[in-house]
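So the chains spell out like this:
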Amino acid sequence: MTEHLTAGEKLVPPTPENPKPHRQKPAPARKPRRGPFRRLVRGVVGGLFGIGILVAAVGGLGGYVAYERFSADLPDVEGLRNYKPPVMSRVYAGDGRLMAELAAERRIFVPYSAIPDVVRQAFVSAEDQNFWSHPGVDPLAITRAAVFDLTHMNQGRRPIGASTITQQVAKNMLLDNQISLARKAREAILAMRIEQSLPKQRILELYLNEIYLGLGSYGVAAASQAYFNKPLDQLTLPEAAFLAALPKAPNNYNPFKFPDAAKGRRDWVLDRMTEDHVITTTQAEAAKAEPIVPAEFHRPQPIPGAEWFAEDVRRQLIAQFGADVTTQGGLMVRTSLDPTFQVAAEKAVRNGLMAYDRKLGGWRGPVTHLDGGAALTKNWVGPLGQVTRPPGMLPDWKLAIVLETTDAEAHLGWTDSQGQQHTGALSLSDVAWARPVRDNKPGPAPRRITDVLQQGDVVMVEPNVAPPAAAVQAKTTKPALPPVPRLALRQIPVVQGALVSLDPRTGRVLAMVGGWSFEGSQFNRATQAQRQPGSSFKPFVYLTALQKGISPSQRFLDAPIVMDTAAGRWRPNNFEMEFGGPTPLRIALERSLNLVTLRVAQTIGMEAIAQNAIAFGEVEKMPRVLPAALGAVETTVLREAGAYASLAAGGREVVPTLIDSVQDPDGHVVSRSTALSCDDCSDQGVTPTLTDQRKEIADPQSVFQLVTMMQGVTTRGTGVQVVAGLGHPIAGKTGTTQEFTDAWFSGFTPDLVTTVWVGFDNPASLGNNETGAAVAGPIWHEFMAIALKDRPVLQFQAPPGVTMAAWDSGRGTVTDAFKPDQVPGASQPLGGVAAGPAGVDGLMPTEVSKSAPGGVDSSLGGIY
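Cut-offs used in this document
Residues numbered from 1 in each chain as written. Predicted model: local features only at pLDDT ≥ 70, side-chain atom pairs only at ≥ 80, totals over all residues. Heavy atoms only, no water. Helix = DSSP H or I, 4+ residues; strand = E, 2+ residues; numbered from the N terminus. Buried < 20%, exposed > 50% of the residue type's maximum accessible area, 1.4 Å probe, protein only. Contact = heavy atoms within 4.5 Å. Areas by Shrake-Rupley, 256 points an atom, 1.4 Å probe, with all protein chains shown as cover. 1 Å grid on protein atoms, 1.4 Å probe; cavity = no way out; pocket = protein on both sides within 12 Å on 5 of 7 lines; lining within 4 Å. Points joined across faces, edges and corners; volume = space filled by probe spheres on them. Nonpolar A, V, L, I, M, F, W, Y, C, P; charged D, E, K, R; others polar. Salt bridge = Lys/Arg side-chain N within 4 Å of Asp/Glu carboxyl O. Phe/Tyr/Trp six-rings, centres within 6.5 Å; stacked < 30°, edge-to-face > 60°. Lys NZ or Arg CZ within 6 Å of the ring centre and 35° of its normal.

**Description of the overall build of the chain**
No. 1: Along the chain, the regular secondary structure elements total 23 helices and 31 strands.
No. 2: The proportion of buried residues among the 864 residues of the chain is 49%.
No. 3: At a minimum sequence separation of 6, the contacts of the chain that also span at least 24 residues come to 69%.
No. 4: As displayed, the chain offers around 42100 Å² of accessible surface, 54% of which is attributable to carbon and sulfur atoms.

**Overview of empty space enclosed by the protein**
One water molecule sets the probe size; rolling that probe over the atoms shows where empty space is left.
No. 1: Applying the stated criterion across every chain, the model contains one cavity of 30 Å³ or more.
No. 2: Considered as a void within the structure, the largest cavity measures approximately 50 Å³ in volume.
No. 3: Met354, Asp357, Arg358, Trp433, Leu489, Arg490 and Gln491 together form the lining of the largest cavity.
No. 4: Those elements giving two or more residues to the lining of the largest cavity turn out to be helix 13 (339-361) and strand 15 (486-490).
No. 5: The element that contributes the greatest number of residues to the lining of the largest cavity is helix 13, accounting for three residues.
No. 6: When its residues are assigned to classes, the lining of the largest cavity shows three nonpolar, one polar and three charged.

**Observations regarding the pattern of salt bridges**
No. 1: Using the criterion set out here, one finds 28 salt bridges in the structure.
No. 2: Arginine 315 is the partner of glutamate 311 in a salt bridge, and the nearest nitrogen-oxygen pair spans 3.5 Å. Taken together, the residues glutamate 311 and arginine 315, both in helix 11 (residues 307-321) and four residues apart, mark about one turn of the helix.
No. 3: Its salt-bridge partner being arginine 624, residue glutamate 607 comes within 2.9 Å of it at the nearest N-O pair. Pair noted here: glutamate 607 is in helix 19 (residues 606-615) and arginine 624 is in the loop between helix 19 and helix 20 (637-648), with a separation of 17 residues, a long-range link.
No. 4: One connected set of salt bridges, linked through shared partners, spans Glu311, Asp312, Arg314 and Arg315.

**Re the packing of aromatic side chains**
No. 1: Counting across every chain of the model gives 17 aromatic pairs.
No. 2: Each ring, one from phenylalanine 537 and one from phenylalanine 540, has its centre 6.1 Å from the other, and the planes form 50 degrees; the classification is tilted.
No. 3: Seen in terms of ring centroids, phenylalanine 540 and tyrosine 644 are 6.0 Å apart; in terms of plane orientation they differ by 80 degrees. Their pairing is edge-to-face. Here the residue phenylalanine 540 occupies a position in helix 16 (residues 538-547), and tyrosine 644 occupies one in helix 20, the gap between them amounting to 104 residues.
No. 4: On the basis of relative accessible area, phenylalanine 540 is assigned to the buried category, the value being 0%.
No. 5: Given a relative accessible area of 0%, tyrosine 644 falls into the buried group.
No. 6: Linked through ring pairs, Phe537, Phe540, Phe616, Tyr644, Phe748 and Phe796 together constitute an aromatic cluster.
No. 7: In this structure, arginine 265 packs its charged tip against the face of tryptophan 268, placed 4.1 Å from the ring centre.

So this is what it looks like as C-alpha cells:
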C-alpha cells in the first residue's frame, strides 16, 4: 500500500477471511464516568435556565397585560400637534393703552424660535439632561432615582422623581397630579407616544409655555416678567438659570422670601449647565458671583375709573365667546374708551357726589375710634396702621387720627405710603359742612370742633400742604416758619351717580362711570341700575307729536287735570304749581310742563309714544298708561344716552358699543362693530366711501324740529345753568322724578352725547328742590367743559324739507323748524278734538279722564 496511515491507524495483514491487507482504526477512547457533584450542578443550572425562561415568559405576559391596562383610555397625543396653551386676553383702550387682562392663568405664549438658547439650555440641564437623546423616558435617571430613594427611604424625605421633560408635558397637559405607580406608568406610555408624534422642539416649546413657575405665572415669558420685570429676550445667564431652578418647588425658591435658597438652587443649575458643556466654568463662576436681584412686576397703571367699562367688556365677551375663550383664548380686544374722557368723567362724578354730600349728607362719624388717652398721642403710628381702609376710600385720602382738639382746631397725625409720619390741622371752618347726623337727618352746623371730632377718632382726610389764601402772611425780613399742613375732612358719600358719554356718529362709548368707586361697589349703575328717567323721557312724547304733523307752535292747555287710575285718583301738577293756559309745544318742553305733556300724550296716544321710545332704545318695554309719558318707566343711563344719540344722529338708530374689534391670537378679526362700513377702504388709489347702514327710526325733519326745541331747553329753559359758558350749540333735557328721587341731565352736541344720573341705590328723596339741573347738571357741565374744550363748534344741520322761522311764543321770540305745511306761530285744531279759541284741545281744567287699567301710582313720573 502506498497510502500513508493516519494517526492511530494500523495495517492489518491478510487473513483467510480477508485476503487483502486493510487499515484498522483505533477503538474510541472510553469516557470517564461523571461524579455525582457534577451531575448536581448541571441539574441546577438547567433548572435555573428553565425558571428564567418561565419568568421571562410570565414577565412578558404581565408586562403586556399591564401595558394593555395602563394604556387603555389614554388621551390622544395627536391633539398636542396643534395645541395652544391657555393664554390671557388683553383689553385695550381707544388709544392703545392696556386697560385689563382677562385670565384664569397668567401666561404669555412664546414660540420655540423666540425662546432664547440660554433659557432652553438651562431648563434642559436642570430638568432632563438626556432630553435630546432619550425616547421619552430615561432609564439611567430612573435607576439613579431608585437607588437614591431606597437609600433614603427611612429619612422622611419625599422621593425624588426621574420624570423627563416629555413625561412632565404628558402629566401637565394630559393627566392629573395624582401620585401613584399607575399614573407614572400611564405617564411613561404617553411620553413615548408623544416622542413618536412630535419633534423635540415642539415638546420643549409646550413644556416651557405650560410649566408653573410661581407668583401666578405660567410659562417662562410670564415668569420673566413676574421675577425680573423684563421680557424673555433680555434675561441674563444667571437669571435664566434661576428660572430653570423653579419647577422643582417655586414657592421654596421665591427670591423675594428665600433669597439664599433661591441662589443655592440657581448655582446648582449653573453647575449642571457646566457638566453639559453648554457654558464654560468661567461663565458659571461669573454667574454665581452675581446676586439674584428680583424686580417686582408692576402691571401697567389702570386707567382711573375704567374698571366698570372693563367689567362690562368682560361680560360682553363672555356672552359672545364663552368664559373659556374670554379668559384663555388670547383675544386682543380693542375698545372705544377714551382715557382722557374717562379721567374727566370720574373726577366730575366724584366732585358732584361730594358736593351733594357736603351740602345735604351731614357728618356720619369717624371710621373708628381708638382708645388710649394721652399715651396714644405719643404712640399712634402702630395702632393707626392696624385700621383697615374703608372700601371706596380714594387713593389720595389718608387715614388720620385726632391727636388733640380745642374748640377751634384739631391736630391729626397720619403716615404716607413710605411710612413717614405727618401731622396737620383742621379748623372749625374746615368742618363747617360736617353737620352731625341725628335721627338720620343732618343737624345744625357745628359750633366747636369737638362737635365733630374727638381725640382718638380715626377719620379720612385729604392732605393739602399749601396754606389757605387767608393764611398767607406778608413778606417780612424774618424767615417764615414752615406752614402747618392743612387738611380737608372727607367721607364716602352714600349718594351714587353714573355717567355715559358716547359718539352719536358711531355709538362708540367714550367714557363710563358706574358709581362712586368700583372698589366699594362693582354694581354698574350706568348699565345695570333700572331707574325712572322722569322728564328726560318727555322728548320722545314730543317727537311722536311732531311725527304726527303737530307744529312746534301748536298750543295745548296748561291747566289742572284729575285722572282715575287703578290706584285711585291721580292729580298731576307742574313743578312750579303754576298754570299758563294755552301753551305752545315749544314752551312746554322748555319749561318741562307736566300737564301739557299729558294732554299731548292723550291727543296722540300712548301706543305711538311707546313704539317710539322702544324704537329709540330709551326703554325695553313700557306700559301704555299716561303716567309713563312723564317718565314713569324704567331705563338705564346707557340706554338713555343711546336714545339721545339717535336724536343727535337725525333719527338714525345708534346702538352704544364698547368694543371696536376682537382679534384671535393669530391676528384674525373675529368681531367688529358694524355701525359704519367702508367697502373700498382696502383698495389702493380709491377714495374711501363710508356707508351709513344704520336704520332710520324717525324721519329727520321731525327729529330736527325736536332738537331745535331741545336747544331752547338749554338757552331759555330748565337747562340754562347746566350749559352756561360752554360755547357750543347744545340740545338737552333735565329729568327729575316724583319726590326728587332721581336726578338726570342728558345733553348733546352734533358729535358728543352725555347722560348723567344721580340718586340713592335704595330709592329715596334727594331733598326738596334737588332737581336734575341742580344735582346732575353740575357733573354734566364739569365733564363737558373738558370734553368740548378742543372740539370744533358744530351746528346742528337742518335736513331738506324744513324751514327755520322766528315766531312770537308769548314768552319771547323763538326760532323753530317748520315743515312745508306748517305756519310758524299758528296753532290749528287737531283732528277730531274740539279746540278752544286759541286752537287748544277741548280738555277742561276740571275734567276727569280715565286712563287705561293698571295705571301708575301718583308717586311716579317726571316733574321737572
